[in-house]
Each structure stands twice: as C-alpha cells, then as structure tokens.
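Fold and geometry: a report
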Amino acid sequence: MRESTFDVAIVGGGPAGLGCALALRTIGVERLTILESQNVGASFRKWPEEMRLITPSFHSNSFFSTDLNAISPNTSPGDLFGVEHLSGKQYAAYLEAFVEHYELPVREYSSVDRLDADGEGFLLEANGETIRARFAIWATGEFSFPDVETFPGANLCRIASQVESWQGVQGDEFVVIGGYESGIDAAYHLACRGCTVKILSRGEPWDIDDPDPSVSLSPFTKERLARIVRALPDSIELHGDRDVIEVIREEAGYRVLTLDGSSFATAEPPILATGFESGIKRQVASFFEWQGGRPIFSEVDSSTLYPNLFYSGPSLVHRGSKFCFIYKFRARFGVIAQEIGKRLGLDTSSLSDWERRGFLIEDLDCCVDCKCEIESSALEEAAP
Ligand SMILES: Cc1cc2nc3c(=O)[nH]c(=O)nc-3n(C[C@H](O)[C@H](O)[C@H](O)COP(=O)(O)OP(=O)(O)OC[C@H]3O[C@@H](n4cnc5c(N)ncnc54)[C@H](O)[C@@H]3O)c2cc1C
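Residues numbered from 1 in each chain as written. Predicted model: local features only at pLDDT ≥ 70, side-chain atom pairs only at ≥ 80, totals over all residues. Heavy atoms only, no water.

**Concerning the site of the ligand**
Defined as follows: Summary of the distance rule: residues count as near a molecule or strand when at least one heavy atom falls within 4 Å of that molecule or strand. Two N or O atoms count as a polar contact when they lie within 3.5 Å, although within protein this holds only if one can serve as hydrogen donor and the other as acceptor, and sequence-adjacent residues are included solely when both atoms are side-chain atoms. Note on areas: Shrake-Rupley with a 1.4 Å probe; residue coverage comes only from the protein chains shown. Elements are defined by DSSP. Helices are runs of H or I of four residues or more, strands are runs of E of two residues or more, and each kind is numbered from the N terminus. In the scheme used here, Gly and all other residues not listed as nonpolar or charged are polar, with Ala, Val, Leu, Ile, Met, Phe, Trp, Tyr, Cys and Pro taken as nonpolar and Asp, Glu, Lys and Arg as charged.
Around the ligand, a shell composed of 33 residues is seen, among which Glu36, Ser43, Ile54, Thr55 and Ile326 lie nearest. Here proline 15 contributes a backbone N or O atom positioned 3.2 Å from an oxygen atom of the ligand. Glutamine 38 is positioned such that a nitrogen or oxygen atom in its side chain is 3.3 Å from an oxygen atom of the ligand. Coverage of the ligand by the protein amounts to 92% of the 990 Å² it exposes when considered alone. Looking at the shell around the ligand, the elements with two or more residues in it are α1 (15-26), α2 (42-45) and α8 (326-329). The element contributing the most residues to the shell around the ligand is α2, with three residues. Tallied by class, residues from the shell around the ligand come to 19 nonpolar, 13 polar and one charged.

Structure representation (structure tokens):
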C-alpha cells in the first residue's frame, strides 16, 4: 500500500475544509492535503435545481463586512456571480474557483474510509493509500447524511435534498414533513408549479419570532412564503404541532400518522425534510465524547479524546449553540489554524486580518441557542 506523510490532513472539500486549508496556508503550513470523496463542492452540486442559499451574498468586504457566504476574508461569491442568493451549482463553482486561485492541494475522488490514531497523529486510508498526518480536520458536513430513520416508514418518503428539480416531480398534491427551511423551500417550489402542499411540522417554525435565522425562518424564506400565500392562498396549508410518528403504504398511496391522532392521505410519497445527521456521528463517533446526543468539543474545536483531531463545519456545537451557517462556522477557521500553528511552532501573526474580518472569533459569547432543523427532542434521543 502506498504511503504519504503530511502535517495536516483535511477530510472534505466543502466550504469548511477549504476555508481551514487557506487559513493554514496563510501561516505557512505547506505539508497539507485535502481529501474529497467526490469533487469540490459536491454537496452543493446535488442541491435541487431551484434551491438557493438562504443567506444573502453582497460584496462589502472592504468595509470589514465580508460577504456572508465567503470562506475567506478577500473573496465574495456575490461578486463572482452578481447574484444575491446563489444556486448550489454557482456556489460549487465559487469553491472550485477558490481552489484554483489559491492552488489548494485537493485530491478529488479520495474517500477516507478509515481513521486510526497513531501516537499523537493519525493514519487515514483513502483509495488504497495510507496517509499519515500529525493533525486531522474532519470536515465532511451533514448533507451526505440525511436523517432517514426518524420514524417508521420514513424510508417510504422522498428525501427533499435528493430531488434533482421540483419541476420533474410527478403529482399535484403533496405532503411535506418538516416545517423548517428545506420543507418550506420544497413547498414553495411545488406551489409555484401550481401544486397544493400540506406542511406537517413538529412545532410552528413559521411563527417563531427570534432574531437568529437558525431558530426562526430566514427573512428570504418568510418573504417567499408570504408572497406565495398572497398570490395563491390555497396552495400551502401549514399544520403546526403535528409530530409525525409513522408513514404507511396503502392502496391509494400513503398515509401519514401524527402523534395527536390525525392522519393525512397522499397519493405521492410524502416529502421528507426533517434534517440531517453529522459526519462526525456517522463516520468518526468513537473519536469524540458525547453528551445528550451531541459531540463535545474543546475550546479550540478539537476532540476532547484526541486533541489533534479537529472539526470544522455545521455540526460544531459550543454552549448549546450549533454553528450551522457558513458565516458561523467560518468564524472558527482562524481558531483552528492558530492552534495547529502554535503546536507546530509557527508564527501565527499573519492571521490578524482573518481576526479583524470575523474569521477568528475566540469569544464564544457569539453562541445563541440554535436548532437548525434538528429538533431538541430528537437530539436527546440521538446517542451515537
Ligand atoms: C439543504 C441545505 C441548505 C443549506 N443552506 C445554507 C445557506 O443558505 N447558507 C449557509 O450558510 N448554510 C447553509 N447550509 C448549511 C450547510 O451545512 C453549509 O452550507 C455547508 O454545506 C457546510 O459545509 P461543509 O464543508 O461542512 O460540508 P459539505 O459542503 O457537505 O462538504 C463536505 C464534503 O465532504 C465530503 N466527504 C464526505 N465524506 C467523506 C469522506 N469519507 N472522505 C472524503 N470526503 C468526504 C463530501 O463529498 C463533501 O464534499 C445548508 C445546508 C443544507 C443541508
């Protein structure tokens, strides 16, 4: 088996892995590799055609308000495409341009199938090659791991994130399970096509009034929902406090049963938009300590069991708060790079610009309670 050695191996070529890679390059870490099981930005390439980033892009970088979807202080996807809400394919193209511009060492189609501790460092296996690294950063995101075991019969449903285009889905009447961003997004695009949609949700996310877009619906989605309901009042029915407990197959289609004793019949497979699990839980759970279904992180985003194993991405949790948006988890790229730099004995002062621009926030007072489509009771049950 071939073998190669690096200071840092990053697993995942999405925004989290690539942002950390550039921060590490900034302080002079050259023995670095990024292993990506598919191609750069693979998760974004698979988004339904009509889906857009809910976080707006706007080039205001020179005024120290970096584009919310940028993964470095000096780039802007909004500027690159002249678009405020990018499609998945556009965002993937931004990531690709980022790799090319900064000449980042990504190995595409290199799936890491195994991680082993090796003294203070790690051994990773990808495509029959062994990679030795003193530090590893796990950055495999959540999109690859939809939560499909959420209740009996969930496997009968159509997973919202795996739909190629809402135009191509057959049928006129739909039931969507999940009332957060993905569920409303699905309903909106189906309604625009002239379909009627019932949304069943555990709570009533559309009524939550909270300034954090991770807790309530984003302004982009609230605006779209209001617009479609105004234009086509009967297109979307919102059914709050309907905790789905089972989906069953029946002769005429499917029946969705809820905890309050109601049931909803539908000819088409119900659309499942109940969120995602973490790559940490699915791939490297035993490398982390867990509490209440959540991995525990050190103050510098590493595992408390393996201090040289870091995590970057939307599953990061500090003080009960999930860093589920790009603008949240990018705040820690500099923190991770600074810590690895210190342990490698490097001068990390070149990260000062990253700090000024919100890519190195050490003060965790930014944490606010955050749901990100994972409802709290599900989290309590979700032991690794
Ligand atoms: C449907 C949806 C919509 C979202 N919309 C927004 C939004 O509008 N704004 C926002 O800020 N955030 C949004 N998010 C949050 C989202 O988590 C981030 O935007 C982003 O995708 C997270 O980046 P990441 O790099 O951690 O994960 P990803 O982009 O998923 O990248 C992880 C990469 O790891 C690779 N990988 C997985 N396993 C392996 C392995 N074993 N070996 C090697 N590579 C592997 C995958 O192929 C993938 O390319 C959304 C999330 C979802 C699911």
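**What to know about the pattern of salt bridges**
Let me state the cut-off plainly: In what follows, salt bridge is the name for a side-chain nitrogen of Lys or Arg lying within 4 Å of a carboxyl oxygen of Asp or Glu.
Enumeration according to the criterion identifies 22 salt bridges in this entry. As a salt-bridge pair, aspartate 353 and arginine 357 come within 3.0 Å of each other at their nearest N and O atoms. In the salt-bridge network here, residues are joined through shared partners; they are Arg2, Arg107 and Glu129.

**A closer look at the domain arrangement of the protein chain**
As a reminder of what qualifies: Each domain's limits were defined by an automated method or a database of domain assignments.
Entries for the protein chain in the domain assignment read domain 1 (2-145 + 277-381) and domain 2 (154-271). The gap between the C-alpha centroids of domain 1 and domain 2 is 30 Å.

**Description of the state of the cysteines**
By definition, a disulfide links the sulfur atoms of two cysteine residues through a covalent bond. Put simply, the rule is: Two cysteine sulfur atoms make up a disulfide if the distance between them is within 2.5 Å. The rule is simple: take the accessible area with a 1.4 Å probe, protein chains only, and divide by the maximum for that residue type; under 20% is buried, over 50% is exposed, in between is partly exposed.
Taken as a whole, this structure holds zero disulfides when the rule is applied. Residue cysteine 157 stays outside any disulfide, its sulfur separated by 17 Å from that of cysteine 195, the closest cysteine. Cysteine 157 sits in the buried class, given a relative accessible area of 11%.

**Quick word on the packing of aromatic side chains**
Two numbers describe a pair of aromatic rings. These are the distance of the centres and the angle of the planes. For clarity, the threshold we go by: Within 6.5 Å between ring centres, the rings of Phe, Tyr and Trp (the latter by its six-membered ring) count as paired, and their orientation is classed by plane angle as stacked under 30 degrees, edge-to-face over 60, tilted in between.
In this structure the tally under the stated criterion is 14 aromatic pairs. Consider the rings of phenylalanine 143 and phenylalanine 276, whose centres lie 5.8 Å apart with planes at 25°: the pair is stacked. Note that phenylalanine 143 is positioned in the loop between β6 (129-138) and β7 (158-159) and phenylalanine 276 in the loop between β14 (271-272) and α7 (279-283), a separation of 133 residues in sequence. Here phenylalanine 143 falls in the buried class, since its relative accessible area comes to 18%. Since its relative accessible area comes to 18%, phenylalanine 276 is described here as buried. On the basis of an interplanar angle of 45° and a centroid distance of 4.9 Å, the ring pair of phenylalanine 287 and tyrosine 306 is categorised as tilted. On the criterion of sequence distance, the pair formed by phenylalanine 287 in the loop between α7 and β15 (290-291) and tyrosine 306 in the loop between β16 (294-295) and β17 (309-311) is long-range, its members being 19 residues apart. For tyrosine 306, a relative accessible area of 29% corresponds to the partly exposed category. Following the ring pairs from residue to residue traces out a cluster consisting of Phe44, Trp47, Tyr91, Tyr94, Phe98 and Tyr102.

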